[in-house]
Amino acid sequence: MKTKKQSYYLNCGTKDLQRTSSRKIFPNKKGFIFTLDAALAVLFVLIIFMTANYYTRADRSSIESIQMTRFGSDMVTLLDNTDVLDTLDSGTITTKLNEITPNNYGIRLRITTANSDSLTIGKDTPDGRMINSGKKVFIVTQSGQINDYGVVQYYIWLK
Amino acid sequence: MVKMKKKGILLTLGIFFVLMLLLSLATLMYRTSIKSITRTAEIEKIDRMSDVYFSVERGMKEIFEQTSGIDVNFTEFETGVIITEDIPNNKSYEFNLSLMNFKAFVEENFPEVYIDPLYLLNLPLIIRPENITYTHTDGFGFQRVQVIPQELNFNSYEIEIYSFTDNVTGIQWGSNAQGDFRLKIVATDAFGNYFEKERYIDPEKAYVIDVKLLNDNDVKIKILPNANGMLEVENKAEQVVTSKISIGFNYTRDGTDLTLSDKLINVTYPKLKSSKIGTVKII
């Protein structure tokens, strides 16, 4: 009986179609609702994924930022521990800095001391990039004597 | 027909619950990410705080090593701590000056940092976890040093007194009470005189040992009674002598540190409602 009805709908002409209700055009309405439901579900899931991705990307960038600041701090500590900062010599510090800075990072140091020495080392900070910075204090010791106190401010960014 | 209606209600309810679940998940995720962003921002600030703290600590350690005239080390097999300095310590002025200059410089450049110089008046050195304090009772740069233990968790003292200018004429031991705590005194001078005495004593009893110098001057070494083996070395002579005090533990060192006094460095971030208060680790 069911098969007969279906074949009737399939074989009907244009005039018949105009007369028939939508129920007749989509006789398998369960399938239609199911598809609609699935489409809605996919839409929801997509929205959720996109929202999640947006926020986790924001998280990732803050974690990257922390990591970058730590990296800059480590580099300055290395310069301090190897007594390179004590030289207060732009050439020596630049050489060591180039040696320890990975290619994908850019770093700039600004050193000022209590005796009014001032040094700027490294490349200019780029525009439109996330630049992280930090500040440390250090002691200028030369030949076992404390000669000066300094502050080193570092700026670090991804190239 | 009734069956169909029921199905419809169930479907609507089902979709409603699924949507509610999705909505709650989305809200949860949103809140978590907002929290996470706040937390990472806080971590970044705390990182900066500890960055500043550790650089100040390193600076103060350098000042101590370069200007205090105190040498601290572990014994050969790391079974004790050795502290060597002149009594009175004529480097105290240089140390205090360097420290005050450093304090002024740091506090000017880092308003969040406060270094409390009061904790360094007697320049106490704390051995942890044994909790033994080596301090200058009358102030750093004066005639007397003390070793103040909180409990008897060590088993020996070795004290070496070296005189640059006066001849050492002998060691006079004041009490003969016996015990199982090792006390060794060595007295030498720049003229080749050498005296050594070693005894096993009771650290809860009083002992006074005189290292005799020429012209009736002496260095008094005292074990104070009922004070867990508290030691005092006082230079009564006008000349400077070098004292080397070795404190022996009951075991090989494992995680023993020597620090300056607590609460020396204070880094505060009121906006974060957080602060880091700490000391300077020397060894």
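Residues numbered from 1 in each chain as written. Chains lettered and ligands numbered in written order. Predicted model: local features only at pLDDT ≥ 70, side-chain atom pairs only at ≥ 80, totals over all residues.

Peer 1: Where do I start with the overall build of chain B in this structure?
Peer 2: In terms of helices and strands, chain B carries 2 helices and 17 strands. The C-alpha atoms of chain B give 30 Å as radius of gyration, which overshoots the globular expectation for 283 residues (19 Å, by more than 25%). Across its three principal directions, the C-alpha atoms of chain B cover 120 × 45 × 30 Å. Counting only residues that meet the buried cut, chain B has 27% of its 283 residues in that class. When contacts within chain B are restricted to residue pairs at least 6 apart in sequence, those whose partners lie at least 24 apart make up 63%. (Helix = DSSP H or I, 4+ residues; strand = E, 2+ residues; numbered from the N terminus. Rg over C-alpha atoms; globule rule 2.2 N^0.38 Å. Buried ≥ 20, exposed ≤ 12 C-beta atoms within 10 Å, placed from the backbone. Contact = placed C-beta atoms within 7 Å.)

Peer 1: Just to check I follow, could you spell out the overall build of chain A for this structure?
Peer 2: Helix and strand counts for chain A stand at 5 helices and 4 strands. Within chain A, counting contacts between residues at least 6 apart in sequence, those at least 24 apart form 59% of the total.

Peer 1: Please explain the sheet that holds strand E13 (residues 231-235) of chain B as it appears in this structure.
Peer 2: Where strands meet in a sheet, backbone hydrogen bonds hold them as pairs that are either parallel or antiparallel. All names here are of chain B. Strand order across the open sheet formed by 8 strands is E8-E11-E12-E13-E6-E5-E4-E15, with antiparallel pairing between neighbours. Two strands close off the open sheet at either side, each with one partner strand: strand E8 (168-173) and strand E15 (257-259). Adjacent strand axes in the sheet meet at a mean angle of 15°, parallel and antiparallel pairs treated alike. In this structure, strand E12 (residues 218-223) lies alongside E13, joined through 5 bridges in antiparallel fashion. When the sheet's bridge partners are listed, Lys222 is paired in E13 with Glu232. (Pairing = 2+ DSSP bridges. Axes fitted to C-alpha atoms, helices over the stretch in contact; angles between N-to-C directions.)

Peer 1: How should unusual backbone geometry be read in this particular structure?
Peer 2: Peptide bonds are, in most cases, trans, and in most cases residues other than glycine have a negative phi. All names here are of chain B. Geometrically, the link from Ile87 to Pro88 is a cis peptide bond, its omega value of -10° lying close to zero. Tracing the chain through its elements places Pro88 in the loop between strand E2 (80-87) and helix H2 (92-109). Between Arg128 and the following residue, Pro129, the backbone shows a cis peptide bond with an omega angle of 5°. Position of Pro129 among the secondary structure elements: in the loop between strand E4 (125-128) and strand E5 (132-135). The phi dihedral of Asn131 falls on the positive side, at around 60°, and the residue is not glycine. As for its position among the elements, Asn131 is in the loop between E4 and E5.

Peer 1: Help me out: how do you make sense of the sheet that holds strand E3 (residues 131-142) of chain A in this one?
Peer 2: Residue and element names in this part refer to chain A. Overall, antiparallel pairing links the 4 strands, which are arranged E2-E1-E4-E3 in an open sheet. Only two strands of the sheet have a single neighbouring strand rather than two, namely strand E2 (118-122) and E3. Pairs of neighbouring strands in the sheet enclose a mean axial angle of 20°, with direction left out of account. Most of the contacts of helix H5 (residues 90-100) go to E2, to which it runs at about 30°, and overall it touches strand E1 (105-113) and E2.

Peer 1: Explain the interface of chain B and chain A to me, please; I cannot follow it from the model alone.
Peer 2: Often the size quoted for an interface is simply the accessible area lost on bringing the parts together. On the side of chain A, 27 residues touch chain B, which itself brings 30 residues to the contact. Looking at the side of chain B that touches chain A, the elements with two or more residues in it are helix H1 (2-67) and H2 of chain B. Examining the composition of the side of chain B that touches chain A, we find that 23 residues originate from one element, H1 of chain B, more than from any other.

Peer 1: How should I be thinking about the nonpolar core in this particular structure?
Peer 2: As a rule of thumb, soluble globular proteins bury nonpolar side chains together. Among the nonpolar cores identified, the biggest contains 71 residues, and Val56, Val211 and Val233 of chain B are the most heavily contacted of them. When residues no more than four places from it in sequence are discounted, the contact partners of Val233 of chain B are Ile87, Val145, Ile159, Val219, Ile221, Ser243 and Ile245 of chain B. (Core = buried A, V, L, I, M, F, W, Y, C linked by C-beta atoms within 7 Å.)

Peer 1: Hey, could you run me through the environment of Asn103 of chain A in this one?
Peer 2: Tracing the chain through its elements places Asn103 of chain A in the loop between H5 and E1. Along the chain, Asn103 of chain A and Lys159 of chain A lie 56 residues apart, while their C-alpha atoms are 8.1 Å from each other.

Peer 1: Is there a simple way to think about the pairing of E12 of chain B in this case?
Peer 2: Residues and elements named next belong to chain B. Strand direction decides the pairing type here: strand E11 (residues 207-213) and E12, joined by 6 bridges, are antiparallel. From the neighbouring strand, Ile209 faces E12, where its bridge partner is Ile221. Joining the antiparallel neighbours E11 and E12 is a turn of 4 residues, in which Asn215 adopts a positive phi near 65°.

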